Amino acid sequence: MSTEVVTEIRVGHSPDPDDAFMFHALANDKIETGRYRFTHQLQDIETLNRRALDAELELTAVSLHGYAFLTDKYALCSCGASVGDDYGPMVVTREPMEIEDLKGKTIAVPGTLTTAFLGLNLCLGGCPKGEHSPRNLHTEGDAGTFRYVVHPFDEILNVVERGEADAGLIIHEGQLTYGDQGLSLVVDLGKWWLQETGLPLPLGANAIRKDLGQPAMDEVTALLKQSIQYGLDHRQEALDYALQFGRDLDTAKADTFVGMYVNDWTLDFGERGRKAVATLLERGHEAGIIPDPVELEFIG
């Protein structure tokens with residue numbers, strides 16, 4: 001009889017196709033996990049960012065903006081990243097606009113700890129007032145060059161379509177479906193960032209709690225990488241599982257979306273990806289959006 005102690009790893013990730021694809025093997029017992037038992041909690045990324053402030057989960061998806069406030073509790077897994085390589089979060093409007101036209105407007109955003117919100121402020125030269133405490137739960141505010149209102153990410157297209165905000169900052173599958181609601185693209189922040197820096201835009205990552213200890217951090221990160229590799233090696237199987245989280249995506253769009261955010265970058269940030277993370281957080285600090293310099297720690 002085995003006396004090995006089972007270690008529970010509570011995993012938080014978003015209920016969207018790319019995260020589902022990434023975690024398919026762990027969620028559906030496709031790989032051997034040894035002494036670790038993974039249980040999954042699906043919530044939107046802003047909720048996960050805020051839960052991470054209290055270190056509730058052993059392994060969790062986080063926005064890289066959110067991670068700037070978590071370095072005392074979590075390290076970044078070298079795998080599991082969502083990186084926009086010449087694409088990323090978008091700002092859309094009912095009528096065509098230029099980037100400069102967004103200044104002074106009210107923009108619906110999916111949360112103030114999202115990387116999308118950080119990127120929007122860098123693009124528009126904004127700096128949210130009173131946001132330096134990450135626990136602030138403002139539903140609206142002033143970023144200096146624009147105003148923002150917080151809505152669930154999957155409601156933002158409807159909010160803009162109904163005229164309840166001048167523009168919307170969209171993440172996840174909205175990047176592929178905004179045209180179905182007759183909305184116009186103003187700026188793709190991934191394209192803007194690449195033009196500004198020559199680097200991809202790192203959006204999200206998986207963070208692992210430091211109090212697990214180094215051996216467990218290494219082992220759990222290795223299992224996460226195995227799960228990602230399994231999905232890539234069994235693409236149709238993983239995609240079939242991920243489709244249930246696709247909301248308005250058909251099979252072709254879900255496949256496209258998964259390909260955007262589960263790829264070689266997801267297997268490992270690599271040197272260029274790590275430089276992109278450092279550059280993003282440095283610029284956020286220089287702009288006054290992130291109060292303290294960020295010391296990065298990667299596992300794996």
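Above this text sits the structure in question.
Residues numbered from 1 in each chain as written. Predicted model: local features only at pLDDT ≥ 70, side-chain atom pairs only at ≥ 80, totals over all residues. Heavy atoms only, no water.

Details of the overall build of the protein chain
Inclusion rule: The numbering of helices and of strands both runs from the N terminus, where a helix is a DSSP run of H or I of at least 4 residues and a strand a run of E of at least 2. The quantity called the radius of gyration is restricted to C-alpha atoms. Its globule counterpart is 2.2 Å times the number of residues to the power 0.38. Residue burial is assigned from relative accessible area. The probe radius is 1.4 Å, only protein chains are included, and a residue is buried under 20% of its type maximum, exposed over 50%, and partly exposed in between. Throughout, a residue-residue contact means that at least one pair of heavy atoms, one from each residue, lies within 4.5 Å. All accessible-area figures derive from a Shrake-Rupley calculation using a 1.4 Å probe, and residue coverage is judged against the displayed protein chains alone. The charge count includes Lys and Arg as positive and Asp and Glu as negative, but it does not include His or the ends of the chains. Note that the charge is assigned to NZ on lysines, CZ on arginines, CG on aspartates and CD on glutamates.
Secondary structure assignment for the protein chain yields 12 helices and 13 strands. Here the C-alpha atoms of the protein chain give a radius of gyration of 19 Å, agreeing with the 19 Å that 2.2 N^0.38 yields for 300 residues. With the principal axes as the frame, the protein chain shows a C-alpha extent of 65 × 40 × 35 Å. Counting only residues that meet the buried cut, the protein chain has 55% of its 300 residues in that class. Within the protein chain, contacts between residues at least 6 apart in sequence are counted, and of these 76% link residues at least 24 apart. By element, 47% of the accessible surface of the protein chain is carried by carbon and sulfur atoms, the whole surface being about 12,200 Å². Of the side chains in the protein chain, 25 bear a positive and 48 a negative charge, and the two mean positions are spaced by 3 Å.

Let's talk about the pattern of salt bridges
Proximity of charged atoms lets side chains of opposite charge pair with each other. Test applied: In what follows, salt bridge is the name for a side-chain nitrogen of Lys or Arg lying within 4 Å of a carboxyl oxygen of Asp or Glu.
Summed over all chains, the structure comprises 15 salt bridges. Close ionic contact of Arg209 with Glu58 constitutes a salt bridge, the shortest N to O distance being 3.5 Å. Here Arg209 is found in strand β12 (residues 201-209), whereas its partner Glu58 is found in the loop between α2 (45-52) and β3 (59-63), with 151 residues between them in sequence. In this structure, Arg209 and Glu58 share a single accessibility class: buried. When salt bridges that share partners are traced, they join Arg10, Glu58, Arg209 and Asp211 into one network.

Considerations on the nonpolar core
Note the following rule: Throughout, nonpolar core names a set of buried Ala, Val, Leu, Ile, Met, Phe, Trp, Tyr and Cys residues whose side chains join them through atoms within 4.5 Å.
Formed by 92 residues in total, the largest nonpolar core has its most connected members in Phe38, Leu59, Ile107, Leu120, Phe146, Leu169 and Ile208. Excluding residues that lie within four positions of it along the chain, Leu59 makes contacts with Ile9, Arg10, Val11, Gly12, Phe23, Phe38, Cys77, Asn206, Ala207, Ile208 and Val220. Among the nonpolar cores identified, the runner-up in size contains 12 residues, and Met90, Val92, Ala108 and Ile170 belong to it.

Side note on the packing of helix α8 (residues 214-233) against helix α9 (residues 235-242)
For any two helices packed against each other, one specifies the inter-axial angle together with the distance between the axes. Test applied: Where helices are involved, their axes are fitted lines through C-alpha atoms of the stretch in contact, as for all axes, and angles between N-to-C directions lie from 0 to 180°. Each angle gets one of four labels, with under 35 degrees taken as roughly parallel, over 145 as roughly antiparallel, 65 to 115 as roughly perpendicular, and the rest as oblique.
Packing of α8 against α9 brings their axes to within 5 Å, and their N-to-C directions diverge by 105°. As summarised for this structure, α8 and α9 are arranged roughly perpendicular, according to the angle between their axes. On α9, the residues that touch Tyr230, Gly231, Leu232 and Asp233 of α8 are Arg235, Glu237 and Ala238.

Focus on the environment of Arg94
Note the following rule: Side-chain atoms alone can form a polar contact between residues adjacent in sequence; in general such a contact is a pair of N or O atoms within 3.5 Å, and within protein one must be able to donate a hydrogen while the other accepts it.
Tracing the sequence through the fold places Arg94 in the loop between β6 (90-93) and β7 (106-109). Spatially, the C-alpha atom of Arg94 lies 40 Å from that of Ala25, the residues being 69 residues apart in sequence. Among all residues touching Arg94, those that are not within four sequence positions of it are Val160, Glu161, Gly163, Ala165, Asp166, Gly182, Leu183 and Ser184. For Arg94, the side chain forms a polar contact with the main-chain oxygen of Val160, separated by 2.8 Å.

Comments concerning the side chain of Thr114
Topologically, Thr114 is positioned in the loop between β7 and α4 (115-124). Within the local environment of Thr114, its side chain forms a polar contact with the backbone oxygen of Gly111, the two atoms lying 2.8 Å apart. Excluding residues within four positions of it along the chain, Thr114 makes contact with Ile45, Glu46, Asn49, Ser63 and His65.

A closer look at helix α1 (residues 17-27)
For α1, a buried count of 10 out of 11 residues is recorded, marking the element as mostly surrounded by other parts of the structure. Positive phi shows up at Asp29, right after α1, with a value of about 55°.

Points about the side chain of Ser82
Examined against the element boundaries, Ser82 turns out to sit in strand β5 (residues 82-84). Among all residues touching Ser82, those that are not within four sequence positions of it are Asp18, Leu201, Pro202, Leu203, Gly204 and Tyr261.

Some words on empty space enclosed by the protein
Put simply, the test is: Cavity and pocket criteria rest on a 1 Å grid covering protein atoms alone: a 1.4 Å probe that fits but cannot get out defines a cavity, protein on both sides within 12 Å along at least 5 of 7 lines defines an open pocket, and an atom within 4 Å of a point defines a lining residue. Grid points are joined across faces, edges and corners, and a volume is the space filled by probe spheres set on the points. Only Asp, Glu, Lys and Arg are considered charged in this grouping, and only Ala, Val, Leu, Ile, Met, Phe, Trp, Tyr, Cys and Pro are considered nonpolar; every other residue, Gly among them, is considered polar.
In total, this model carries 2 cavities of 30 Å³ or more according to the counting rule given. Reported here for the largest cavity is a volume of approximately 310 Å³. As for the largest cavity, its lining consists of 24 residues, and the residues nearest its centre are Ile45, Ser82, His172, Leu203 and Gly204. Only α1, β3, α4, β12 and α10 (251-261) provide two or more residues apiece to the lining of the largest cavity. Looking at side-chain class alone, the lining of the largest cavity contains 11 nonpolar, 10 polar and 3 charged residues.

Some thoughts on the layout of surface pockets
Using a probe with the size of a water molecule, rolled over the atoms, empty space left in the structure can be pinpointed. Considering only enclosed or pocket space, the largest pocket measures out at about 180 Å³ in volume. Considering every element that reaches the lining of the largest pocket, the biggest residue donor is helix α5 (residues 156-161), with 3 residues. By volume, the second largest pocket amounts to about 150 Å³. Counted by class, the lining of the second largest pocket contains 4 nonpolar, 6 polar and 3 charged residues.

Focus on helix α12 (residues 270-286)
Quick reminder of the rule: Expected span, for any helix, means 1.5 Å times one less than how many residues it has.
Taking 1.5 Å of rise per residue, the 17 residues of α12 would be expected to cover 24 Å, and the 24 Å separating its terminal C-alpha atoms lies within 8% of that figure. Taken together, the buried positions of α12 are Gly273, Ala276, Val277, Thr279, Leu280, Leu281 and Gly284. Those residues of α12 hidden inside the fold are in contact with α3 (64-67), α4, α7 (189-197), β12 and α11 (264-267). Looking at the residues trailing α12, positive phi occurs at Gly288, about 85°.

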